[in-house]
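Given next are the chains, with one letter for each unit.
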Amino acid sequence: MRKILALLLATALLPSLCGARTNGVVTAVLEGGIFILDDGRRSRQCICPNRPELRVGDVLEYRMISSPTCSDNISVVREPRVIARNAPVVPLRLPVDKLAAGGHDFATIETEGTVEEVFQDEIDSRWYHFRLLGERDSILISLQKGVLPPDLLAALPNARIRLTGVFFPRMPGRRIPTGPRIVVQSATNVQILTPAPDD
């Protein structure tokens, strides 16, 4: 949080060095004022001083600043304006094995795999994690407590699922385990394809 506050202060002192206005779709809204913008070429992790209330699917007109004061790959958005709502967010459909290799920073991803044991974060108890297994590799999946109803969360271990979420090369804040992951934000983004086998 201190990094975010320092970033906002630093950008408030910058002269108007913004480029031309451009548009992007909000694909995720996260804690700490962070959101993900997809401008059609790439997805970015962003923050904005005095930003409007944002929802997934909002089309935002804005100017972008790339700030060297930011150490967490966060871009600064200036002069934002919501010009449309409910734009479709179309995920990239990729197998787990390709996701494990990285290279899809902040993109919205759809993938399938088998769930290993679900466990609580060792530092921040508001978060749960599990590994999603592909044919040869796996990817870490993270979600905040309350995103999934308890019965769905309990049904995940050893089930084959399809999910949609945002790929993070590194999550903001402190998390254990660390490393790349997909963050799931809604129960509608998780579908059980094959239930766990009976014991």
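The coordinates are above.
Remember, it's a predicted structure, so these values are computed and weren't measured experimentally.

## Digging into the sheet that holds strand β5 (residues 74-84)
- Spatially, the five strands close up into a barrel ordered β1-β2-β3-β5-β4, and their pairing is mixed. On average, each strand axis in the sheet is tilted by 55° relative to the strand beside it, whichever way the strands run.
- Direction of pairing for strand β1 (residues 22-29) relative to strand β4 (residues 59-65): antiparallel, over a ladder of four bridges. Within β4, the residue paired with valine 25 across the bridge is valine 59.

## Points about the packing of aromatic side chains
- Tallying each qualifying case throughout the model produces one aromatic pair.
- Centroid distance phenylalanine 106 to phenylalanine 168: 5.6 Å. Interplanar angle 85°. Geometry classified as edge-to-face. Here phenylalanine 106, found in the loop between α2 (96-100) and β7 (108-115), pairs with phenylalanine 168, found in strand β11 (residues 160-168); they are 62 residues apart in sequence, far enough to count as distant.
- Taking the relative accessible area as the measure of exposure, phenylalanine 106 reaches 5% and is therefore buried.

## As for the pattern of salt bridges
- Applying the stated rule across the entire model yields 13 salt bridges.
- A salt bridge links arginine 160 to glutamate 112, with the nearest nitrogen and oxygen atoms 3.5 Å apart. Taken together, the residues span a long stretch of sequence, with arginine 160 in strand β11 and glutamate 112 in strand β7 at a distance of 48 residues.
- In this structure, the salt-bridge partner of glutamate 135 is arginine 136, at a minimum N-O distance of 3.8 Å. Residue glutamate 135 shares its accessibility class with arginine 136, and that shared class is exposed.
- Linked by salt bridges that have partners in common, Arg21, Glu61, Arg63, Glu79 and Arg81 make up one network.

## Observations concerning the environment of glutamine 191
- In this fold, glutamine 191 is placed in strand β13 (residues 190-194).
- Relative accessible area serves as the criterion here: at 41%, glutamine 191 is assigned to the partly exposed category.
- The sequence separation of glutamine 191 and isoleucine 161 amounts to 30 residues, and the corresponding C-alpha distance is 5.5 Å.

Rules used throughout
- Counting starts from 1 at the beginning of each chain's written sequence and moves along it residue by residue.
- Local features in this predicted model are restricted to residues whose pLDDT is 70 or higher, and side-chain atom pairs enter the listing and the counts only when it is 80 or higher, whereas totals over whole chains, interfaces and linings include all residues.
- Just so you know, side-chain values use all the structure's heavy atoms and leave hydrogens and water out.
- DSSP-based pairing: two strands are paired if at least 2 bridges between them are found.
- Put simply, DSSP marks the helices as runs of H or I at least four residues long and the strands as runs of E at least two long, and each gets a number from the N terminus on.
- Angular values range over 0 to 180 degrees, each being the angle between N-to-C directions of two axes fitted as lines to C-alpha atoms, with helices fitted over their stretch in contact.
- For this analysis, a ring pair means two rings from Phe, Tyr or Trp (six-membered ring only for Trp) whose centres lie within 6.5 Å, classed as stacked if their planes differ by under 30 degrees, edge-to-face if by over 60, and tilted for the remaining angles.
- The buried label applies to any residue whose accessible area, calculated with a 1.4 Å probe on protein chains only, is under 20% of its type's maximum; exposed applies above 50%, and partly exposed to all values in between.
- A side-chain nitrogen of Lys or Arg and a carboxyl oxygen of Asp or Glu constitute a salt bridge if their distance falls within 4 Å.

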